[in-house]
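# Summary of structural features
Residue-level listing of the chains:
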Amino acid sequence: MPVTFGRTSAPTPAMWTADEIAQLCYEHYQIRLPKQGKPEPNREWTLLAAVVKIQSAADQPCDISDKAMQVTKEVVSMGTGTKCIGQSKMRKSGDILNDSHAEVIARRSFLRYLLYQLQLAATLEKDSIFIPGTHKGLWKLRPDLSFVFFSSHTPCGDGSIIPMLEFEEQPCHPVTISSSAGDSGDLEALEKEGNCDNTDSPVAKKMRRGTPSSLVTNGTAHCDKQEQGLVMPEVSSWNLTAQEPATLTEMPCGIKVVDIHRTGAKCVPGEAKDPGKPGAAYHQVGLLRVKPGRGDRTCSMSCSDKMARWNVLGCQGALLMHFLEDPVYLSAVVIGKCPYSQEAMQRALMGRCQNVSALPRGFRVQELKIQQSDLLFEQSRCAVQAKRLGGPGRFVPCGAAISWSSVPEHPLDVTANGFPQGTTKKGLKSLQARSQISKVELFRSFQKLLGSIAEDTRPDSLRGQKLDTYQDYKEAASAYQEAWSTLRKQAFGSWIKNPPDYHQFK
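Attention here is on the structure that accompanies the text. The model shown is predicted, which means the values in this text are computed figures rather than measured ones.

This next bit is on the overall build of the protein. On a plain count of helices and strands, the protein comes out with 12 helices and 19 strands. A buried classification covers 57% of the 506 residues belonging to the protein. Long-range contacts, defined as pairs at least 24 residues apart, comprise 74% of the intrachain contacts of the protein with a sequence gap of at least 6. Total accessible area computed for the protein in this model is approximately 21200 Å², and 49% of it derives from carbon and sulfur atoms.

Overall, the coordinates contain 19 salt bridges when judged by the stated rule. Notably, a salt bridge pairs Arg-142 with Asp-144, separated by 3.1 Å at the nearest N-O pair. Assessed through its relative accessible area of 22%, Arg-142 is described here as partly exposed. Residue classification places Asp-144 among the buried residues on the basis of a relative accessible area of 15%. Salt-bridge contacts for Glu-455 lead to Arg-458; the nearest nitrogen and oxygen are separated by 3.3 Å. A relative accessible area of 47% means that Glu-455 is categorised as partly exposed.

With 5 bridges connecting them, strand β17 (residues 400–405) and strand β18 (residues 412–416) associate as antiparallel partners. If you follow Ile-402 over to β18, its bridge partner there is Val-414. Remark: 6 residues form the turn of the hairpin made by β17 and β18, two consecutive strands paired antiparallel; His-410 in that turn has positive phi of roughly 50°. Connecting β18 to the antiparallel partner strand β19 (residues 419–420) that follows it, the hairpin turn spans 2 residues, and Asn-417 within it adopts a positive phi of roughly 55°.

Moving on, we come to the nonpolar core. With 75 residues, the main nonpolar core has Phe-110, Phe-130, Phe-147, Phe-149 and Phe-323 as its most contacted residues. Among the elements that make up this core, the one with the highest residue count is helix α2 (residues 102–123) (9 residues). Leaving out residues up to four positions away in the same chain, Phe-147 has contacts with Val-51, Val-52, Lys-53, Val-76, Phe-110, Tyr-113, Ile-129, Leu-141, Val-328, Leu-330, Ser-331 and Ala-332. In terms of nonpolar packing, the next biggest core, distinct from the first, is built from 28 residues, Leu-33, Met-69, Ala-332 and Ala-400 among them.

The next point concerns the packing of α2 against helix α6 (residues 303–313). Packing of α2 against α6 brings their axes to within 9 Å, and their N-to-C directions diverge by 30°. Counted together, Glu-103, Val-104 and Arg-107 of α2 and Cys-303, Lys-306, Met-307 and Trp-310 of α6 form the full contact between these two elements. Here the contact of α2 with α6 is composed, by residue class, of 4 nonpolar, no polar and 3 charged.

To continue, consider helix α12 (residues 478–490). Residues lying three or four places apart along an α-helix face the same way, a consequence of the helix completing one turn every 3.6 residues. Taking 1.5 Å per residue, 13 residues should reach 18 Å; α12 reaches 18 Å between its end C-alpha atoms and fits that length. Listing the buried residues of α12 in full gives Tyr-480, Gln-481, Ala-483, Trp-484, Thr-486 and Leu-487. On its buried face, α12 is in contact with α6, α7 (317–321) and α11 (470–476).

Attention shifts here to unusual backbone geometry. Of note, Asn-42 is a non-glycine position whose phi angle comes to about 60°, a positive value. By the secondary structure assignment, Asn-42 is in the loop between α1 (18–32) and β2 (44–45). The backbone of Asn-417 shows a phi angle near 55°, a positive value even though the residue is not glycine. Of note, Asn-417 is situated in the loop between β18 and β19. In this structure Asn-417 comes out as exposed when scored by relative accessible area, which is 63%.

Turning our attention to the packing of aromatic side chains. One pass over the full model with this rule turns up 16 aromatic pairs. Arranged with centres 5.3 Å apart and planes meeting at 90°, the rings of Trp-484 and Trp-495 form a pair that is edge-to-face. One end of the pair, Trp-484, is in helix α12; the other, Trp-495, is in the segment after α12, and 11 residues separate them in sequence. On the basis of relative accessibility, which here comes to 4%, the residue Trp-484 falls in the buried class. Accessibility expressed as a relative area gives 9% for Trp-495, which makes it buried. Grouped by ring-pair contacts, the aromatic residues Phe-323, Phe-443, Phe-446, Tyr-470, Tyr-473 and Phe-505 constitute a single cluster. One Lys or Arg, Arg-309, reaches over the ring of Trp-484 and ends 3.9 Å from the middle of that ring.

Tracing the chain through its elements places Gln-436 in the loop between β19 and α10 (439–451). Residues within four places of Gln-436 in sequence aside, it is in contact with Arg-112, His-410, Asp-413, Glu-441 and Leu-442.

Take the side chain of Asp-144 next. Structurally, Asp-144 can be placed in the loop between β8 (139–141) and β9 (145–151). Side-chain polar atoms of Asp-144 contact the side chain of Gln-55, separated by 3.3 Å. For Asp-144, the residues in contact, after removing those within four places along its chain, are Ile-54, Gln-55 and Ser-56.

Here we come to the environment of Asp-374. Residue placement: Asp-374 occurs in the loop between β15 (369–372) and α9 (381–388). Judged by its relative accessible area of 32%, Asp-374 falls in the partly exposed class. A sequence separation of 37 residues divides Asp-374 from Lys-337, and the C-alpha atoms of the two residues are 5.2 Å apart.

The next subject is the packing of α6 against α12. To characterise two packed helices, one gives the angle between the axes of the helices and the distance between these axes. At a minimum axis distance of 10 Å, the contact between α6 and α12 shows a crossing angle of 130°. Comparing their axes, α12 and α6 come out oblique. Here α6 and α12 pass one another in a crossing that is right-handed. Between α6 and α12, the contacting residues are Arg-309, Val-312 and Leu-313 on the first element and Tyr-480, Ala-483, Trp-484 and Leu-487 on the second.

Within the secondary structure, Asp-296 sits in the loop between β13 (289–290) and α6. For Asp-296, which is buried and forms no salt bridge, the nearest opposite charge comes from Lys-89, at a distance of 5.1 Å. Among all residues touching Asp-296, those that are not within four sequence positions of it are Gly-86, Gln-87, Ser-88 and Lys-89.

Conventions and cut-offs
Residues numbered from 1 in each chain as written. Predicted model: local features only at pLDDT ≥ 70, side-chain atom pairs only at ≥ 80, totals over all residues. Heavy atoms only, no water. Helix = DSSP H or I, 4+ residues; strand = E, 2+ residues; numbered from the N terminus. Buried < 20%, exposed > 50% of the residue type's maximum accessible area, 1.4 Å probe, protein only. Contact = heavy atoms within 4.5 Å. Areas by Shrake-Rupley, 256 points an atom, 1.4 Å probe, with all protein chains shown as cover. Salt bridge = Lys/Arg side-chain N within 4 Å of Asp/Glu carboxyl O. Pairing = 2+ DSSP bridges. Core = buried A, V, L, I, M, F, W, Y, C linked by side-chain atoms within 4.5 Å. Axes fitted to C-alpha atoms, helices over the stretch in contact; angles between N-to-C directions. Nonpolar A, V, L, I, M, F, W, Y, C, P; charged D, E, K, R; others polar. Expected span 1.5 Å × (residues − 1). Phe/Tyr/Trp six-rings, centres within 6.5 Å; stacked < 30°, edge-to-face > 60°. Lys NZ or Arg CZ within 6 Å of the ring centre and 35° of its normal. Polar contact = N/O pair within 3.5 Å; in protein donor to acceptor, adjacent residues only side chain to side chain. Parallel < 35°, antiparallel > 145°, perpendicular 65-115°, else oblique. Left-handed = near helix turned anticlockwise from the far one by under 90°. Lys, Arg positive; Asp, Glu negative; His and termini not counted.

All quantities given are derived from atomic positions and should not be read as evidence of function.
Here you go:
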């Protein structure tokens, strides 16, 4: 249910706080998501991501000093997950989820929500988040709406390469990446929340003492040091070129960077390689990366890379761009309590694309608001490990992924290994073996939307040409494809694209 906050506001009031967004998402996870697909208590952990719709009162005056500002916040999509399939398990039928990291699941769930809202707009059945645009057959987002993306952890890849300062009390220790861990396919076992097995870690100690999670040290490059009279410098590394390794061993005021939180994502072929040196020189920043698979290299780009792409092309993808006057951008990203660097996040999501120019009309490099909450996700790796206190059995990432969308029919979807949980080999070809957010099912929803619109009221890009396959419809979104081509040429030239024959399904 939407949550409305009424509070006294300053002359230029904040629409929300990072803690409000995090708390709303955690409550939604607890209440609206089923037990099925959630981690097994004290043995498993997972990651959480969501999209939150922000709606301000339409008739609110500009100057609302000393008045209550009414802002409605509603979770419209949510995802959990930590897994990714290898290249050999990909299917040309579009019925498997290649990437089940929480951020990707939440975004694909958001696509379901956008498709449903476009259906409402096109059929005039109910109020929609979209209103008619200025061009025939096109729609645009209502001006009183925006979307905030929440993730319980920094995105894998470039956004998780975080400097560790010599005096910091880190909530999780840096990870030593071994070949056996890399082959396991559990990227987050390497990266998300570091190595929390040490029950003497600061988080574990403070949780045993009953310290509220909001008071546990974040492990950021600016955490709680101002109280000691020390103002932390910013780690301005996001403007390093692709030839400059992240060897930030000393800060401007002489504070040493002793190590970095590492990512399990691997550099893509064609990019520079990580130096692999001990300590802070292990990684090179700013590079495109792919997620590791279970002994089988994947074609899935890191979440940092995907989120940077969404920040230029929008979250709606190519298909929905047929119906939209402008891309649907996120206004902000909120990260839960975890090892964190503001500079690393800005570099990963915006800095790498800051010089991209000559984009088609409507496309831009979005100026994201990036914040961190002080609230810890209760089923994150560190939180669960602190409660386990070295309990029996293996401690592993949850193998299932949960998708939730704010749609009336089948809002929930629980998958494992890219298919609905419980799918057998014999049942793989059945319709029941398709996730609601798989490519083929989202394409089916797109075709349903298209079929509900009269031929003469369809947008120009969908009239006067024969389109048949998923690939045909994607390629026909010419402005989107031009923007994507520009982004690849100017910033992401080594991006791994799936071969066209993986998009030839109908």
